[in-house]
Amino acid sequence: MKIKNAEFLRSASNQNEFPPTLYPEIVLAGRSNVGKSSLINNLVGQKKLAATSNTPGKTRALYFYLVNNQFSFVDLPGYGYAKVSRRLISQWAPLIQEYLSSRENLVLIIQVVDLRHLPSREDKQMADFIHHFSFPSLVVATKADKVPRGKRMKHKEAIARELQVAPEGVFLFSAQTGEGRDMLWKEIQSSLEK
Ligand SMILES: Nc1nc2c(ncn2[C@@H]2O[C@H](COP(=O)(O)OP(=O)(O)O)[C@@H](O)[C@H]2O)c(=O)[nH]1
Ligand SMILES: [Mg+2]
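Notes on the structure in this doc start here. (Residues numbered from 1 in each chain as written. Chains lettered and ligands numbered in written order. Predicted model: local features only at pLDDT ≥ 70, side-chain atom pairs only at ≥ 80, totals over all residues. Heavy atoms only, no water.)

The next point concerns unusual backbone geometry. Backbone geometry follows two general trends: most residues other than glycine have a negative phi, and most peptide bonds adopt the trans configuration. In this structure, Asn33 takes a positive phi of about 75° despite not being glycine. If you trace the backbone, Asn33 turns up in the loop between β2 (25-29) and α1 (36-44). Phi angles above zero are rare outside glycine, and Ser134 is one such case at about 50°. Secondary-structure assignment places Ser134 in the loop between α3 (121-132) and β6 (137-142). For Ser134, a relative accessible area of 61% corresponds to the exposed category. (Helix = DSSP H or I, 4+ residues; strand = E, 2+ residues; numbered from the N terminus. Buried < 20%, exposed > 50% of the residue type's maximum accessible area, 1.4 Å probe, protein only.)

Structural data, given as structure tokens:
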């Protein structure tokens, strides 16, 4: 896909702040610090569109980005950060669920996991949630640059097994090297055309 422009649309920390459903939405879900913002930046070719950090758990809102005045990326609050208080967790789980169950313009959920690790309990819960509601989805296993080439397939298969998806539904990616970028764009494009 050719990126003509990509801009920050708005953030939302409650459902009244969700933007109108004008554009198809591609959602990124995954634990804090897994690399969701870096993935968005890499896809649109801007270093700083989505804020990245080494401090997990900072993102507590949904962030909406508009690409080519055509579709949106939605960066969900990261789950599974131990230091976040119980009160906060009880606020965002419903917010994520409210979002996922109310957007008729949602065309794809990209579940982002770390290729180095087996999915966490929260990753599995998210996968269950996605399958339960039959959302169109795929899994991106990012930070592929941190796993030696010879081990990548094994890791990918383990992730597919744990999340109960077909290995073809897991896409390797690296925001550092751009590996997997073209393939992912192809998937996004085809979900936008459906
Ligand atoms: N080596 C490597 N580091 C990455 C990659 N993607 C993200 N990171 C790093 O992981 C940290 C968290 O990334 P971020 O995009 O902020 O994660 P988010 O919390 O899921 O949005 C940052 O220090 C990134 O530079 C990747 O593909 N490869
Ligand atoms: Mg982020």
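Time to look at the pattern of salt bridges. Applying the stated criterion across every chain yields a total of five salt bridges. The salt bridge involving Glu25 is made with Arg103; its shortest N-O contact spans 2.9 Å. Pair noted here: Glu25 is in strand β2 and Arg103 is in the loop between α2 (86-102) and β5 (106-114), with a separation of 78 residues, a long-range link. What makes Glu25 buried here is its relative accessible area of 2%. Of the charged contacts, one joins Lys124 and Glu162 as a salt bridge, the two residues approaching to 2.8 Å between their closest N and O atoms. With Lys124 in helix α3 and Glu162 in helix α4 (residues 149-163), this residue pair connects regions lying 38 residues apart in the sequence. Each of Arg31, Asp114 and Arg116 takes part in salt bridges that share partners, so that together they form one network. (Salt bridge = Lys/Arg side-chain N within 4 Å of Asp/Glu carboxyl O.)

Glancing now at α1. Because an α-helix packs 3.6 residues into every turn, residues spaced three or four apart end up facing the same way. Where burial is concerned, most of α1 is hidden: eight out of the nine residues are buried. Those residues of α1 that sit buried are Lys36, Ser37, Leu39, Ile40, Asn41, Asn42, Leu43 and Val44. Backbone geometry just downstream of α1 places Gly45 in the positive-phi region, at approximately 70°.

With that settled, consider α4. Compared with an ideal rise of 1.5 Å per residue, which puts 15 residues at 21 Å, α4 spans 22 Å between its outermost C-alpha atoms and is within 8% of the ideal. Burial in α4 covers these residues: Arg152, Lys156, Ala158, Ile159, Ala160 and Leu163. Among the structural elements, β5, α3, β6 and β7 (170-172) are those in contact with the buried residues of α4. Remark: Gln164 follows α4 within two positions and exhibits a positive phi of approximately 55°. (Expected span 1.5 Å × (residues − 1). Contact = heavy atoms within 4.5 Å.)

How two aromatic rings sit relative to each other is given by the distance of their centres and the angle of their planes. In the structure shown here, the tally under the stated rule is eleven aromatic pairs. Both rings, one in Phe8 and one in Tyr63, keep their centres 6.2 Å apart while their planes meet at 45°; by these two values the pair is tilted. Pair noted here: Phe8 is in strand β1 (residues 6-12) and Tyr63 is in strand β3 (residues 62-67), with a separation of 55 residues, a long-range link. Residue Phe8 is classed as partly exposed on the basis of its relative accessible area, which comes to 42%. Here Phe18 and Phe64 contribute two aromatic rings whose centre-to-centre distance is 6.4 Å and whose plane-to-plane angle is 55°, an arrangement assigned as tilted. Linking Phe18 in the loop between β1 and β2 with Phe64 in strand β3, this pair joins segments that are 46 residues apart in sequence. Taking relative accessible area as the criterion, Phe18 reaches 11% and is therefore assigned buried. Put simply, the rings of Phe8, Tyr63 and Tyr65 pair up and form one aromatic cluster. (Phe/Tyr/Trp six-rings, centres within 6.5 Å; stacked < 30°, edge-to-face > 60°.)

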